[in-house]
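What follows is the residue order along each chain.
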Amino acid sequence: MIPGMVHATAPACRLDAATVVECSVDVPGVQLAADDLRDDLLKVFGVAAESPDTAPTRVVISIDATQLKPESYRVSVSETSIKVIGADRLGAIYGMYHICQDVLGVDPYWYFKDLLPERRQSIHVPVGDTESEDPMFRYRGWFVNDEDLLTEWKKPNGPRDIRYPFYHQVTSVEVIDRVCEACLRGGGNLIIPASFIYILNDTEADLIRRAVRRGLYVSQHHIEPLGVSHFGFENYWKERGKEEAFLYGSNPEKVREVWRASARRWYEIAGDQVVWQLGLRGKGDTAIWNSDNSVNREQGGKLISQAIAEQWEMVKEIDQREEPPATTTLFLEGSELMSEGSLEFPEGIMVVFSDHGETQLMQDDFHHSKRYPQYGYGAYYHLAFWSSGPHLLQGSKPAKIHDVLTEVAINGDLDYVIFNVSNVREHVLGIQASMEMTRNLDEWKIETFWDRFAPSVLHDPYQELHDCLFDLGPGRAMQDAAVFKSAKAMLARYERGDKNPVGMDSKQIALRQRQLGDAIERIGTLIDNYPASELTRRERAFHDIHFLMQARLWRELYRYHAAMIQAQDDPIAFTEAAKALEQFLSIRQQAAEGKWHNWYRGDKKVNVPSLLKRTKELVQRRASSIQRPARENSVLQIARQVRDKGLQVTSLGKLAPGLSHHDEESGTARKWERVQPVLGVLAERVLVKQLGGSLGGNTSVRNRSEFVWKDSGYYRRARDLGQVFTAPCNFTLDAIVLRTGNSDLAFLPGAANAEVFVQFFKVVGTPVIDDNGTPPGTDATHGFSKNHRCDDTVRGVMYESLCIIKGGRLPDLTATGDGKLTYLKWDFTHDETLRFQKGKQYAFMIGFSSAGSERNFTLSNRNLAADPGPALIKGAGDNYSGGWGLRREGNGKNPPTMFPGEGPPEDATTRKQLRAESAFPTDEARFAIPPTCEGYPDVDTYRDLEFFLIAK
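Thresholds, definitions, all that
Residues numbered from 1 in each chain as written. Predicted model: local features only at pLDDT ≥ 70, side-chain atom pairs only at ≥ 80, totals over all residues. Heavy atoms only, no water. Helix = DSSP H or I, 4+ residues; strand = E, 2+ residues; numbered from the N terminus. Contact = heavy atoms within 4.5 Å. Pairing = 2+ DSSP bridges. Axes fitted to C-alpha atoms, helices over the stretch in contact; angles between N-to-C directions. Phe/Tyr/Trp six-rings, centres within 6.5 Å; stacked < 30°, edge-to-face > 60°. Lys NZ or Arg CZ within 6 Å of the ring centre and 35° of its normal. Domains from an automatic or database assignment. Buried area = accessible area lost by both parts, 1.4 Å probe. Salt bridge = Lys/Arg side-chain N within 4 Å of Asp/Glu carboxyl O. Polar contact = N/O pair within 3.5 Å; in protein donor to acceptor, adjacent residues only side chain to side chain. Nonpolar A, V, L, I, M, F, W, Y, C, P; charged D, E, K, R; others polar.

To continue, consider the environment of Phe-45. Topologically, Phe-45 is positioned in helix α1 (residues 28–45). In this structure, the C-alpha to C-alpha distance between Phe-45 and Thr-151, residues 106 residues apart in sequence, is 34 Å. Beyond its immediate sequence surroundings of up to four residues, Phe-45 is in contact with Leu-15, Asp-16, Ala-17, Leu-104, Arg-119, Arg-120, Gln-121, Ser-122 and Ile-123.

Structure below.
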């Protein structure tokens, strides 16, 4: 119920199937709400008889601003009609939704709850007048953020060009229309309908049009001042044939041009329904100095203040309102700068304080900043927080939300409040509670809230379920995203073979296992005692999913976490972990049926299927270790495997004249005829070969002493390259022949005479492709194209080091030309033999023994990552089905820690960390880093080197 609605006791007006809704207000949002009212009458009463016995009741909608406050309404009930009189469009809309909710019994979030109203023959509404009360917050609404499930649930509205792992398509406008409807039904008047909207892309602008058409105010993500994210900035200049960097500190005119163009378009589409966002942040929701190397933190406050002042002047030029509403949101570094007194704002804007998403408690600046009368104030609150809070499961506690909003109200920050609602559906509990509080916080009570949300038999179970989300520290609870974040970190450490993959000491492990065990037991009791027989069929449609299913998911998620910790001492626990995730996926499928078909197709941010695949690979490794003694790639063992002599590298020259592109890439018989004389051995001695090689690309072997910054946010990493192969027979290896690439980096001067090595591995296990949750028809999360294969990787195998052979030096290819497309023979001269067994898989990896200036050369290869076919180890067009490409990069961390920007971060500690990740360890620890085909952004899963194995 919307607070403040009081019915008079008097003769009644009858509502039934014959009731007619009359709306002459020619405003789209009002007309759409009238349609919703008609639909709700149909839900409750069904279809009317063709000839009703009496004249039908009329519900008449009108607008009269003369006697009412903005956004308010009056409902006047007589015995024959109900008149809904709104002060304006929103007043009329709220008046109609009052009839839907408080008279017809339609839940504001019925669509996302699957909670239909009870069927009735008629409803008698007491005669009298009722007026709405003023809401507590002037602007109140939703931020649809981290919306991976919503984005891919239905057929998209169109593609998005965005250099980001997510949001490569525009959410269906029909889906956004349902979100806007629910926001309005709940009493909201504002929405940010997506992350990173680029309004100059018409399909993205449609999201704004839908929200405006519904009658809502619209605003922008806090990293999109005037609607411009760094991604939008890049697209603007790309459309004009230019590559420009977002460098407000050193090249502000380029930035100002995009701000102005975006602001004009926003005002053209939304007009007086825009609430502007002002600010200056970096790429990917980071501080500006992480993206713009012309700015440092010390300058940050001054520069952000300057940007906001300029944006405000643009707004006043473009927006025709006397006092355009505008906000600046203090998130992370903005909060810190505000606390330090480093920010200045133009008069009239609203300063929005934020909670910290992990704790769902307001940040320090909220508590310590003085309020000034020339500004408005508000709050941004995370009901969902995908990186370490609630995301795929509910988790926001109504009582905690109430405590935080009470603090906000006490401080008088009542001009604006916006809630991060992510994909909406999972978070309806927190949404309903928070939206009720925005209208009448003082009278909101947790006890009566549960009466509105669930039958009495579920009040205690819901609260008990929330209590099972145990404490992790000040304000933090073990939310689902916190579990997934921890699991991904553990998986990476297990895969690398770290000594402490759990990342906790023994006392912390013991405490966490007790917490998990207690929560699992308590959740199990809730599941066993679920009062299904005491719920109506209508109630079960909602609570079977939102309570029972979520409780079962929580139990499996905690079981998974507990098993991953236990596996550090007992690897057989990996099996239990995999079973828990399998069960998790099986359970949640219940919530992806009927109208919710494909609901989890967009699970890209957490990507539970990928976690399961990686966990299963750990199970396979355990099985392999039981069947045969495992050869651990410990540094001590590696040291014993190093041979300082036994390798010689010579140039065999080039193919002259050159071949066609087809012959080169496909590795035709014609190419083989031309290559044989270059190899200089009998064809029968070449036991394994892959002839195909692209004439483009820069797939480099490198160990450069220079630290080269990449604008995607990390230092270019040192890299070894290699290849998995299958022995066709028992043989002893005499030499490997490789070919340099065709790029400008084919052979840099620093490669000449540099010492190189070859490391050999035995490949153990059964390879499987992990498609990273991006099957055919979807976009890869990273890679050099969006094709679904570009983020696939091979799992299920281990690489057991056999030996490392050093002593070879590369010939100086620069002395005779550019070094391109030159065949290099890697001869093994050591007395000990390199023997391989038929049918077994092995791998070799080559690299520079030490770092040096410009120490870089490329290898010819063929890569089918751009092929649209399904994810297969052995696919059509694959020149070599016996293996796949490999790499080893930096210290093995993948993906690297990233700080997107044109230059490295100013902070010396952070730079040191990033450099350590980009470089190889200087001792034998480098050879203990296991190979992988998973790089960032590129992968070697569908890559094969152009190589030849020559037997003795």
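Past the structure itself, the notes keep going.
What follows covers the sheet that holds strand β2 (residues 20–23). The strand order across the open sheet built from five strands is β2-β3-β5-β4-β7, with neighbouring strands paired in mixed fashion. Each having just a single partner strand, β2 and β7 (128–131) make up the two edges of the open sheet. Strand-to-strand twist across the sheet, computed as the mean angle between neighbouring axes with direction ignored, equals 15°. The sheet strands contacting α1 are β2 and β3 (58–63), and the helix crosses β2 at an angle near 180°.

This next bit is on the packing of aromatic side chains. Enumeration according to the criterion identifies 52 aromatic pairs in this entry. Considering the side-chain rings of Tyr-372 and Tyr-375, the 6.5 Å spacing of their centres and the 90° angle between planes classify their relative orientation as edge-to-face. In this structure, Lys-254 is placed above the aromatic ring of Trp-237, and the distance from its NZ or CZ to the ring centre is 4.7 Å. Stacked on the ring of Tyr-600, the Lys or Arg Arg-588 has its end atom at 4.2 Å from the ring centre.

With that out of the way, let us pick up the domain arrangement of the protein. On domain assignment, one finds that the protein holds domain 1 (12–131), domain 2 (139–453), domain 3 (480–622) and domain 4 (689–803 + 833–951). Relative to domain 3, the C-alpha centre of domain 1 lies at a distance of 44 Å. Contacts between the two partners involve nine residues from domain 1, matched on the other side by six residues from domain 3. Summed over both partners, the interface of domain 1 with domain 3 buries about 740 Å², with 57% contributed by carbon and sulfur atoms. For the domain 1 face of the interface with domain 3, the top three residues by lost area are Lys-113, Asp-114 and Leu-115, together amounting to 58%. Where domain 1 packs against domain 3, one counts one salt bridge. One salt bridge connects Lys-595 with Asp-114, and the closest N-O pair in it is separated by 3.1 Å. Applying the counting criterion to the domain 1 and domain 3 interface returns four residue pairs in polar contact (both at pLDDT 80 or more). Looking at the side of domain 1 that touches domain 3, its residues break down into five nonpolar, one polar and three charged.

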